[in-house]
Amino acid sequence: MTKNAAPDRAAWARAMSDPAAFAHEQAQLGQVWTLLGLTTDIPNDNDWFRATLGGRSVFVQRFGDMIKGFENVCRHRFFPLRTRDRGNGVIRCGYHHWQYNKDGLAVGIPHCQELFGMTPRELGARLTPVEIATCGMAIFGRFAAPHATETLEQYLGDGYLIIQALCNRTTPPHRLTIKAKANWRALFHIGLDDYHLVAVHPKTFGKDGYLKQDTVRYFRLGRHSAYFNGTENDAIVSMIAQCRDGTYRPYGYRIFQFFPNVSIVQLRALKSWYILLMQYIAVAPDRTEVRIWFYPAPFPATDKSWLASLVRRYLEFWMPPFLWAYVRRVIREDASACEQGQTVAHQIDGLPILGRQEERIAWFEETYAEAMQAPPLPPPPMASGVSDSGGHVAVAFTKDNK
Ligand code: FES
Ligand SMILES: [Fe+2]
């Protein structure tokens, strides 16, 4: 920048409308621990599901008691290995039948010696790995980078204990996906904003007027944050202590936001506690998929009578349609507001003016800015039998025959 250049006041929002800035943003986020799915999606050996990490298609697969992740791109000629959302089976590409082992190494290559002049081991073609770590039933992943050395536990900080307590279940939760024609960050912002309730949700959250500031508490947990309904200033401290010693039981409407794109809501309906796990998956600058999982809060019931347990089972069966109708309505209202905002996202020219009920947006944006400044991901290593200048062993692929 020259001495007199004007500050770039729109830089923070450019990825919300500009495809190149969006691609850069997603590449940077590929090295941040990101929720990919749940262990309940892959209970059996060789179960797999497809996910998105940093704007790239990846898949996660169970191998016995190990969970591994790879970029969903064949090393031969870059075809997707997984073409559905989930399934079960070995890693075999549908284009020429290259087969990979649990380390992502191509070990089964049809006519390898004849066509490539060496064995699969000598060729050494590998899938790009995704680092995997779990917390409760949540599976997180990131692309390896030399500077990204934090473990998932370190990355989540005290939030690790909270996820471990709230996302802990062996049977698959109910799930729902909602598509929005708006940027993922705008959708995440609206979840960090308690000021919009009257204007955007006049018949639900906002029907009683503006939220009274002294009835809620916001807490910052490193890169993450929390909303607690209530007035206890140290409620988060006691919750973390209880999660640590296993005595936590749900209390109060609470929302936890984990950078970059996960929200966990603890809510009470018909005298029972439930968890909504939501993820905002960036598809394009102006398109987002909101994935939602819903399940009863994973804690022993306080009322253990047969009647109470019958009511709980009845509710677990009948609750989803009612809850989905409510959640769909609220998220659609949020999405409509963000879709309106998206029409002028390219005109953003300055910083937003944030009030106290939007404080968590500023926290989120601080973390986002840090993530954007991290060194970029290094390119994946070449196969050992392939030269770095391009081309493979059997047929040259040079500038002349491109
Ligand atoms: S592209 Fe996968 S085997 Fe050829
Ligand atoms: Fe909202």
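Now for a description of the structure that goes with this document. (Residues numbered from 1 in each chain as written. Chains lettered and ligands numbered in written order. Predicted model: local features only at pLDDT ≥ 70, side-chain atom pairs only at ≥ 80, totals over all residues.)

Another aspect to go through is the environment of Tyr274. Within the secondary structure, Tyr274 is located in strand S16 (residues 272-284). On the basis of neighbour counts, which here come to 21 C-beta atoms within 10 Å, the residue Tyr274 falls in the buried class. The spacing of Tyr274 and Thr52 is 222 residues in sequence and 26 Å in space, taken between C-alpha atoms. Apart from residues no more than four positions distant in its own chain, Tyr274 is found in contact with Leu267, Ala269, Phe294, Tyr295, Pro296 and Ala297. (Helix = DSSP H or I, 4+ residues; strand = E, 2+ residues; numbered from the N terminus. Buried ≥ 20, exposed ≤ 12 C-beta atoms within 10 Å, placed from the backbone. Contact = placed C-beta atoms within 7 Å.)

Here we take up the sheet that holds strand S3 (residues 56-63). Spatially, the 7 strands line up as an open sheet ordered S1-S10-S9-S4-S3-S2-S5, and their pairing is antiparallel. The open sheet terminates on both sides in strands that have one partner only, identified here as strand S1 (34-38) and strand S5 (86-88). Each adjacent strand pair in this sheet contributes to an overall mean axis angle of 35°, direction not counted. Taken together, the 4 bridges between S1 and strand S10 (residues 138-143) define a ladder with antiparallel strand orientation. Bridging across to S10, Gly37 finds its partner in Ile139. (Pairing = 2+ DSSP bridges. Axes fitted to C-alpha atoms, helices over the stretch in contact; angles between N-to-C directions.)

A separate point is the sheet that holds strand S8 (residues 106-108). Spatially, the 3 strands line up as an open sheet ordered S6-S7-S8, and their pairing is antiparallel. Only two strands of the sheet have a single neighbouring strand rather than two, namely strand S6 (91-92) and S8. Pairing between strand S7 (residues 99-100) and S8: 2 bridges, direction antiparallel. Of the residues in S8, the one forming a bridge with Gln99 is Gly108.

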